[in-house]
Amino acid sequence: MNSIERIVALKVSLVMATRMLGLFMLFPVISVYASSEYQNTTPFLIGLAIGIYGLTQAFFQIPFGYLSDRFGRKPLLYIGLCLFFLGSILAAISTDIIYVIAGRALQGGGAISAVLMALLADSVSEENRSKANAFVGFQIGLAFMLSLLIGPTIASMTGLSGIFWSIALLSVISMSIVASLPHTKPINYYRLSTQEFKKILNPRLLRLDFSVFTLHLMLTSTFIVMPLILVENNIINIAENWKLYLPAMVMSFVGMVPLIILAEKLQKTKLILLISIALLMISQLLFYELKLNFNIFLAVLTLFFIAFNTIEAILPSLLSRTASTSKRGLAMGVFSTSQFLGTFFGGAIGGLIYDIFNLNSVFLFTIFMAIIWWLVMLTLPQNNNSTEK
């Protein structure tokens, strides 16, 4: 990448990572702290508080993506970040889980993931797009790692409200970064119609959309269960989670490097996706079957993150190569909608299964979804290129 492309990729990744850092900070702590901090709390409502963000994100991703194709990327980024800020404030001042859910829903209204990825694709040449997407994926992975370290620390000192105030601050920082981004808008205008949707709902893109849906469904469901397993089995104190998550994330980044090289350099994308999905499935099976202690939990968690980070880096790159240039915002909108629908259903269904059955039963659900996903991707077409420019 040239210097301009590197700067744009860095700024886009910082906005994406800053938002995701705030969101991910909740994952390792909300299921542990919510019951003591909020009124009217149940396991299902905790899952809904995690997942409702994904539902409103899913609802608004396509409108934000389309409007960014029509009016440019930056205006939609500002609108989305303002909604994200207001939702964070509402959640921070709430004492009832219902109002926290409302704040999370408002946060999700700031659906800018598709717009950010479309802006990145606009600003980076096609031959460097895979590198740029991989870089963004790396930054999101880094944000995820930091969130698992920072979230428990903030929660132990200030509670969940402190995390929401931190998220509000991070949204302001994101706005300042957006101000320095280039203003881009595709030249070719199109009207949103059934015909336009048909062009971006080809078999390959649909499989990618289902992939990101299932990936984030599994992530959210897993993180409803894992913090409680740590507490119930006395594996580690919740405030010291970093001793578990830090080595797991570091080792997972080392483990994902050869998989990314095989996928991108040697054109083995489909094979690596199938291997990574199988690793996710195995990690869920091991969580379900094994008697967990610190070392076993660390090993299985590392396996989970190797697979998750690999898929998270590969999918946007595949999408950017497949979607047409003029409708990239719309295609990214559908992709991001699928991602956040996965977050919603993972939180809601995971919380419901935990409420009705037990913690371990959630892993049976994620194993079932991984099997379906693997079979769907077995039929993924090999062609990487967009058929419509």
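Residues numbered from 1 in each chain as written. Predicted model: local features only at pLDDT ≥ 70, side-chain atom pairs only at ≥ 80, totals over all residues. Heavy atoms only, no water.

Draft legend 1. Quick peek at the overall build of the protein. Within the protein one finds 14 helices and zero strands. The C-alpha atoms of the protein give 20 Å as radius of gyration, which agrees with the globular expectation for 389 residues (21 Å, within 12%). Referenced to the eigenvectors of the C-alpha coordinate spread, the extents of the protein come out at roughly 55 × 45 × 40 Å. Across the 389 residues that make up the protein, the buried fraction comes to 60%. Across the protein, contacts joining residues at least 24 apart in sequence account for 87% of those joining residues at least 6 apart. Put simply, the protein shows about 14600 Å² of open surface, and 69% of that area lies on carbon and sulfur atoms. Of the side chains in the protein, 24 bear a positive and 16 a negative charge, and the two mean positions are spaced by 10 Å. (Helix = DSSP H or I, 4+ residues; strand = E, 2+ residues; numbered from the N terminus. Rg over C-alpha atoms; globule rule 2.2 N^0.38 Å. Buried < 20%, exposed > 50% of the residue type's maximum accessible area, 1.4 Å probe, protein only. Contact = heavy atoms within 4.5 Å. Areas by Shrake-Rupley, 256 points an atom, 1.4 Å probe, with all protein chains shown as cover. Lys, Arg positive; Asp, Glu negative; His and termini not counted. Charge placed at Lys NZ, Arg CZ, Asp CG, Glu CD.)

Draft legend 2. Quick peek at the pattern of salt bridges. Tallied over the entire structure, the rule returns two salt bridges. Among the ionic pairs, Lys243 bridges to Glu240, the shortest N-O distance being 3.6 Å. Residue classification places Glu240 among the partly exposed residues on the basis of a relative accessible area of 34%. (Salt bridge = Lys/Arg side-chain N within 4 Å of Asp/Glu carboxyl O.)

Draft legend 3. Highlighting unusual backbone geometry. In the Ramachandran plot, Asn40 falls in the positive-phi region, its phi being about 60 degrees despite a non-glycine side chain. Residue position: Asn40 is located in the loop between helix H2 (30-37) and helix H3 (43-71). Even without being glycine, Asn234 reaches a positive phi, approximately 55 degrees. Look at Asn234 and you get exposed, because its relative accessible area is 67%.

Draft legend 4. Broad picture of the packing of aromatic side chains. Scanning all chains against the criterion turns up 12 aromatic pairs. Measuring from ring centre to ring centre gives 6.4 Å for Phe223 and Phe305, while their planes differ by 25 degrees; the resulting arrangement is stacked. Separated by 82 residues along the polypeptide, Phe223 in helix H9 (residues 203-232) and Phe305 in helix H12 (residues 294-322) bring together distant segments of the chain. Comparing Phe223 with Phe305 shows no difference in burial state: the two are buried. Just above the ring of Phe84 sits the side chain of Arg19; from NZ or CZ to the centre is 5.2 Å. Just above the ring of Phe71 sits the side chain of Arg70; from NZ or CZ to the centre is 5.2 Å. (Phe/Tyr/Trp six-rings, centres within 6.5 Å; stacked < 30°, edge-to-face > 60°. Lys NZ or Arg CZ within 6 Å of the ring centre and 35° of its normal.)

Draft legend 5. A nonpolar patch on the surface, seen in detail. A contiguous nonpolar patch, built from Leu352, Ile356 and Phe357 and spanning about 330 Å² of accessible area, is present on the exposed surface. Following the sequence through the fold, Phe357 ends up in the loop between helix H13 (328-356) and helix H14 (361-377). Judged by relative accessible area, Phe357 falls into the exposed class, the value being 59%. (Patch = residues over 30% accessible without salt bridge, like charges linked within 9 Å, V, L, I, M, F, W, Y side chains within 5 Å.)

Draft legend 6. Spatial organisation of the side chain of Ser283. Its location among the elements puts Ser283 in helix H11 (residues 269-289). Reaching out from Ser283, the side chain makes a polar contact with the side chain of Gln284 at a distance of 3.4 Å. For Ser283, the residues in contact, after removing those within four places along its chain, are Val300, Leu303 and Phe304. (Polar contact = N/O pair within 3.5 Å; in protein donor to acceptor, adjacent residues only side chain to side chain.)

Functional significance is not addressed by these values, which are geometric in nature.
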